[in-house]
Amino acid sequence: MITDNSEQAARPLCGCPSAHHSHMEVCGFRKVPWRVALTYVGAVLSAGLLLLLFHWYPRLALRIRCQPCPLGLATLLLVTDSHGQQSIVEVMTEEVEEGSLEQTGAEEDEWRDTVQLHTEERSVLRFYVFEGQRYVWLSRKGAFCPVSVLNEGWTCAELHGRRGGLSHEEQSAKRTLYGQNLIDVPVKSYMRLLLEEVLNPFYVFQLFSVVLWLFDHYYYYAGCILLISLASIALTLYETRKQSSTLRSMARLVVSVTVRRATGEEEVLSSEQLVPGDCVLLPPDGLLLPCDAVLLEGECMVNESMLTGESVPVMKTAVTRGEQQYCPDAHRRHTLFCGTQLIQTKGRGIVIVTRTGFCTAKGDLVSSILHPQPISFRFYSDAMKFLIVLGVLALIGTVYSVVILVQSNVTVMELVVRSLDIVTIIVPPALPAALTTGMLYAQSRLKQHGVFCVSPPRITVSGKASVICFDKTGTLTEEGLDVWGVLPRDGGGFGELVPDPRLLPPGPLLWVMASCHSVCLLGGQPLGDPLDLKMIESTGWELVESAGEGEPGTDLTMMKPPAFEQQPQGIMLSEPLLIVRRFPFSSALQRMSVVVRPKGGHGAQTLLKGAPETVASLCHRDSVPAGFSETLKQFTSEGFRVLALAHRPLELSDSELQVMEREAVESELQFLGFLVMRNLLKPETAPVITTLRSACLRTVMATGDNILTAVNVARGCGMVGGGERVIFVHATPPLGPTPPILRFVLESEDGAQGGTEALPQGLYQQGGGSYHLALTGESFSVLCDYFPEHLPKVLVRGTVFARMSPEQKTQLVRALQGINHRVLMCGDGANDCGALRAADVGVSLSEAESAVAAPFTSRTDNISCVPLLIREGRCSLVTSFALFKYMALYSIIQYSSVLILYTVKTNLSDLQFLLIDLGIVTSLAIVMGRGGPAQTLTPARPPARLLSMTVLGSLFLHTVLLLLTQTSALLITQAQDWFVPLNATVVVGAGNLPNAENTALFSVSGLQYLTMAAVLYKGPPFRCPLYTNVLFVLVFLCLLGLLCWLVLAPLPWMCRLLKLLPLDDMAFKVLLLALAALHLISAFMLEVLVDSEVLNCVQRLRGARQSKKLYKRLDLSLREQPDWPPLDQPLLTPPGTTINLS
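What exactly am I supposed to notice about the overall build of the protein here?
Secondary structure assignment for the protein yields 37 helices and 40 strands. A fraction of 72% describes how many contacts in the protein between residues 6 or more apart in sequence connect residues 24 or more apart. Carbon and sulfur atoms make up 59% of the accessible area of the protein, which totals about 48100 Å².

Where do I start with the sheet that holds strand β40 (residues 1131-1132) in this structure?
In sheet architecture, strand pairing relies on hydrogen bonds along the backbone and comes in two forms, parallel and antiparallel. Strand order across the open sheet formed by 11 strands is β19-β39-β38-β37-β20-β32-β36-β35-β33-β34-β40, with mixed pairing between neighbours. The sheet is open, and its two edges are formed by β19 (451-453) and β40, each paired on a single side. In terms of strand pairing, strand β32 (residues 698-702) meets strand β36 (residues 798-802) through 2 bridges, oriented parallel. Along β36, the bridge assignment pairs Ala 702 with Phe 801. Where helix α27 (residues 806-818) meets the sheet, it contacts β20 (467-470), β32, β36 and β37 (823-827), and its direction lies at approximately 160° from that of β37.

Help me out: how do you make sense of the environment of Gln 974 in this one?
Along the chain, the position of Gln 974 falls in helix α31 (residues 949-974). Sequence-wise, Gln 974 and Ala 996 are 22 residues apart; in three dimensions their C-alpha atoms are separated by 8.4 Å. Residues within four places of Gln 974 in sequence aside, it is in contact with Val 904 and Phe 979.

Would you take a moment to explain the nonpolar core for this structure?
Within the largest apolar cluster, 73 residues are counted, with the highest numbers of intra-cluster contacts made by Tyr 886, Met 887, Leu 924, Met 928, Tyr 1009, Leu 1010 and Phe 1032. If you look at the next biggest cluster of nonpolar residues, it comprises 43 residues, including Val 451, Val 720, Cys 826 and Val 843.

Is there a simple way to think about the pattern of salt bridges in this case?
For side chains bearing opposite charge, pairing can occur when the charged atoms are close. Counting across every chain of the model gives 30 salt bridges. The salt bridge involving Glu 297 is made with Arg 348; its shortest N-O contact spans 2.6 Å. Of this pair, Glu 297 sits in strand β15 (residues 292-303) while Arg 348 sits in strand β18 (residues 341-355), and the two are 51 residues apart along the sequence. One continuous salt-bridge network, built from bridges that share partners, spans Asp 184, Arg 248, Arg 252 and Glu 272.

Is there a simple way to think about the packing of aromatic side chains in this case?
One pair of aromatic rings is described through two measures. These are the centre distance and the angle between the planes. Following the criterion strictly, the structure yields 19 aromatic pairs and no others. Between the aromatic rings of Trp 484 and Phe 640, the centroid separation amounts to 5.0 Å while the plane-to-plane angle is 45°, which identifies the pairing as tilted. You can see Trp 484 sitting in strand β21 (residues 482-490) and its partner Phe 640 sitting in strand β30 (residues 640-650), a full 156 residues away along the chain. Aromatic rings pair up to connect Tyr 128, Tyr 135, Trp 137 and Phe 144 into one cluster.

Is there a simple way to think about the side chain of Ser 518 in this case?
Within the fold, Ser 518 resides in the loop between α16 (508-515) and β23 (520-522). Not counting residues within four places of it along the chain, the set of residues in contact with Ser 518 comprises Met 301, Met 315, Leu 527, Asp 532, Arg 582 and Met 592.

I would appreciate a short explanation of the pairing of β32 in the present structure.
It is a general feature of regular strands that their side chains alternate between the two faces of the sheet. Among the 5 residues that make up β32, 5 are buried, leaving the element largely enclosed by the rest of the structure. Of the two faces of β32, both are covered, the one formed by Arg 698, Val 700 and Ala 702 as well as the one formed by Thr 699 and Met 701.

What am I meant to see in the environment of Leu 1040 here?
In this structure, Leu 1040 sits in helix α33 (residues 1030-1048). Put simply, Leu 1040 and Thr 1011 are 29 residues apart on the chain and 9.6 Å apart in space, counted from C-alpha to C-alpha. Excluding its chain neighbours within four sequence positions, the residues that come into contact with Leu 1040 are Leu 1007 and Leu 1010.

Any chance you could explain a positive patch on the surface here in plain terms?
Taken together, the side chains of Lys 385, Arg 945, Arg 1105 and Lys 1108 define a basic patch exposed on the protein surface. Of note, Arg 1105 is situated in the loop between α36 (1097-1101) and α37 (1110-1119). Residue Arg 1105 is classed as exposed on the basis of its relative accessible area of 60%.

How should I be thinking about a nonpolar patch on the surface in this particular structure?
Among the surface-exposed residues, Leu 53, Trp 56, Tyr 57, Leu 60 and Ile 64 lie close enough to one another that they form a single nonpolar patch of about 420 Å² accessible area. Of all the secondary-structure elements, those providing two or more residues to the nonpolar patch are α2 (49-56) and α3 (58-65). Assignment of secondary structure puts Leu 53 in helix α2.

What is the right way to look at the pairing of β18 in this model?
Where burial is concerned, most of β18 is hidden: 12 out of the 15 residues are buried. Where strand β13 (residues 279-282) lies against β18, 4 bridges are found, and the strand directions are antiparallel. If you follow Val 280 over to β18, its bridge partner there is Val 351.

Even after reading the chapter, I still don't get the packing of α33 against helix α35 (residues 1066-1091), so can you show me in this structure?
To characterise two packed helices, one gives the angle between the axes of the helices and the distance between these axes. In contact at an axis separation of 9 Å, α33 and α35 are set at 150° when each is read in the N-to-C sense. By the angle class used here, α33 and α35 are roughly antiparallel. Each of Cys 1044, Val 1047 and Leu 1048 in α33 lies in contact with α35, whose residues at this interface are Met 1066, Lys 1069, Val 1070 and Leu 1073. Each residue belonging to the contact of α33 with α35 can be placed in one class, and the counts come to 6 nonpolar, no polar and 1 charged.

About the criteria used
- Residues numbered from 1 in each chain as written.
- Predicted model: local features only at pLDDT ≥ 70, side-chain atom pairs only at ≥ 80, totals over all residues.
- Heavy atoms only, no water.
- Helix = DSSP H or I, 4+ residues; strand = E, 2+ residues; numbered from the N terminus.
- Contact = heavy atoms within 4.5 Å.
- Areas by Shrake-Rupley, 256 points an atom, 1.4 Å probe, with all protein chains shown as cover.
- Pairing = 2+ DSSP bridges.
- Axes fitted to C-alpha atoms, helices over the stretch in contact; angles between N-to-C directions.
- Core = buried A, V, L, I, M, F, W, Y, C linked by side-chain atoms within 4.5 Å.
- Buried < 20%, exposed > 50% of the residue type's maximum accessible area, 1.4 Å probe, protein only.
- Salt bridge = Lys/Arg side-chain N within 4 Å of Asp/Glu carboxyl O.
- Phe/Tyr/Trp six-rings, centres within 6.5 Å; stacked < 30°, edge-to-face > 60°.
- Patch = residues over 30% accessible without salt bridge, like charges linked within 9 Å, V, L, I, M, F, W, Y side chains within 5 Å.
- Lys, Arg positive; Asp, Glu negative; His and termini not counted.
- Charge placed at Lys NZ, Arg CZ, Asp CG, Glu CD.
- Parallel < 35°, antiparallel > 145°, perpendicular 65-115°, else oblique.
- Nonpolar A, V, L, I, M, F, W, Y, C, P; charged D, E, K, R; others polar.

Don't take any of this as a statement about function, it's just geometry.
Next comes the structure, spelled out in structure tokens:
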């Protein structure tokens, strides 16, 4: 939805291609000349600072330079996306010839605007481009709409009517409206990147600090920081440009295509010129598709791994004529998506272009990479708030230094320089870089284990995952299925199970198994879904191509039975079958079908397989065996996957079959029997699920399979424990006068859905969590729409979600997030793309390293990567906490040292600052993050709040302790017999170095940096112990040796270089080391107390507080409600209740 928040009322906009732009608010503005002039005057008077402020806060510049106006008059727009992020875009205009755009098929009054040019009225197209997608002004709607809405609403019949192609005039007019068919990722020049990087607040602060240090004569330190900053900027520019160029080469796709014109001619042109409505002829030997298009004729095998991460090619078939509205999602099996690889085309491949550029599926993916969903994580927001706390400390220090400096009668310039110097000390410029080191190390370790990450900040988020959602087939269980047997219908019931399909007599049942598939030949090798390959293999039939058997220009697939000598004894030969028409498997329909006929003969057959409940609903009632439900429950409760098989004779010609609607082909069927297949758990599944549940992490299964099969798999892998029961949730929508009904049914002893126990109360009293809810996608949708008061409770206790469509999986993830869960979704990428991208952490099990279906891609085909990722996330989060506290305390240590030295009219030297900041702190911060994750997952999760009593209390107590230590060092120094106070007439600063006060404070504070690094280094339960980080130990020992050497026996040249006062009193030197050792012991004991949550005693005294997480409050509430869920009691929804979580 796009909303105009100017003077016009909010108007909905339908037809957005993706959730990425599902809701936007747009406010119109136009420049006011006198305001613009004033801003330029202000920029000159402020020496450019006003322009810098406008660069950091564009909305402020917009409000000052412009005034709000209706969208129809706006020249600038303030766009607020669905995540609350704001952008300013310019409204562009393009003059067009009168009547030229009538060729586009849209009403010209909708899109055109008029302006007066040289007394002539001209038509003008007004549009803006946001995140790559073009939005045009539609006067009738009074809003800017995605240009894709102009070609939506096409019916399948209208698409077939466009196979004649566009004329040159229509194509040219549409190109003006839609723009070029390019997914063009902007690659900025190095000069522009440099300007943007230098104007970043971090580098502006760095530049301000360097200038300040130069004024204060810290030349070495300022020079080193400047060189490091320049190197960092150069590296950042190189990486940014490289990433942009790589993404551009991946996104930009220009190929030559053949299009059909309205005159009947065929023309070869660049794919950049394609527009919606163009008729494209597909080559037989493959093509990298440059647009989204619907297939009108022929069959295609397409590799969609770039979009979904699924490496198994997908069969695409022609869309049938009909009055139903075309939708890319609903007609996915007839849609070729941009960026996917067309492997081969059978017959005449004819497609109609439906979307181009950023409106395509690939364009939406590229846009989501360029403009990712912001990560709402407490740690990052708290880190920014804590910088304000440091800013307050900087203000206090500045005031204190001003008082000291005024008393010392310094010049105004020196007063300003030294006062501002405090700000550069208390706000650590290396803090952002330090916080990313833990993530970068974790990303490197994950890559070594075959887990690739395209969004490093989500590594830290994974450490807070509270619920783990899994797909079933290909994720928890093996991708391939083994045929267990065929259960044929026999009269009014079922016959005996036939373990080998080759023992079946020739007839429809055998034909379904041999022919109802989407397998094709590529290079002589069968290619397709593993289930189909197993099914064909079990029959012994062979797939061959048969040219010239169908309509002119078409090649039909032929299924050839095994040779006579390969047939089981007593089984008659069957004749070969030609597949005339295919309707591929659809997740929404839960079935697939083919139309076949004997080679050289007549009498076509519809052969269908699919979900048993769906197939039974399409069959004549008298053909469905009486024991259908009981038999199905028996197999599914034992963990078998069951497909129902059906057929229907058709007395029609091939040409008539080609125009039949799918609904007509798949109706009035005769039930044939069950195909029973065994789907084994992967060997890694059960141990991983046990590990996750032992760590108190909820595990949830979201699958498209039968609910009883899913429950059996849940028991087999440990999602449902041996002593835990399953309650089935049945929710039915309103049917006529019957209201929607919700019912909870306890699992019977045989594993099926059935009666209630005699003592249901005992079920709830076994710890409150000894039962699991299981429901289907249909019941989930009804719950969302009609039972919102029960939905959150079902989400808290739900473990098995079966018969879920891809859209329902996405809806489930968002619903779990709605009760404050951090959701980790793991799937194979095929039907889980929406859920993987909606989850806080999405993991795709794919061999494609660069798959963009999810933030994480694992090249291992099992879920062992999930606990690894969570352990790395927890390690990264704990590391970020430790580094943040270390960098904050480093600033406070140096801040207190400088203020104490200011008090006695001295300061640290240039090279002392350099040694501390680069030699000690930076080197320690870099190696602190190298510590790996703990080898086990624990029930405890690391905190994500920086502004908590524990963290703030720890920082405060450590600050007090280090201040006492430094003050003690100063007092001990001043108490020595040989101590000589500084000359009161000497200017405050480094000009009176060396002196005893500086030497003592530098020695003690230098050891404090080491102390805090060791104390704040966190090991178990989330990281490996300190001693395992060998590099950190080595750096720590080297620095410790260096500092002890500088205290006890520094060489003369070292004293001169660092401006240290040579001291002969060994007892005093040992006393300084003892003071530092005392600080180490005290800080260690303090941190132990902090880790034991002693600081939370205040909160305990106030009593238990409710958790801010809704799922935790619901869980506690359910433990106190022994009467929920009410078993076998129909629940009715209150009148008028409705909710939508999508």
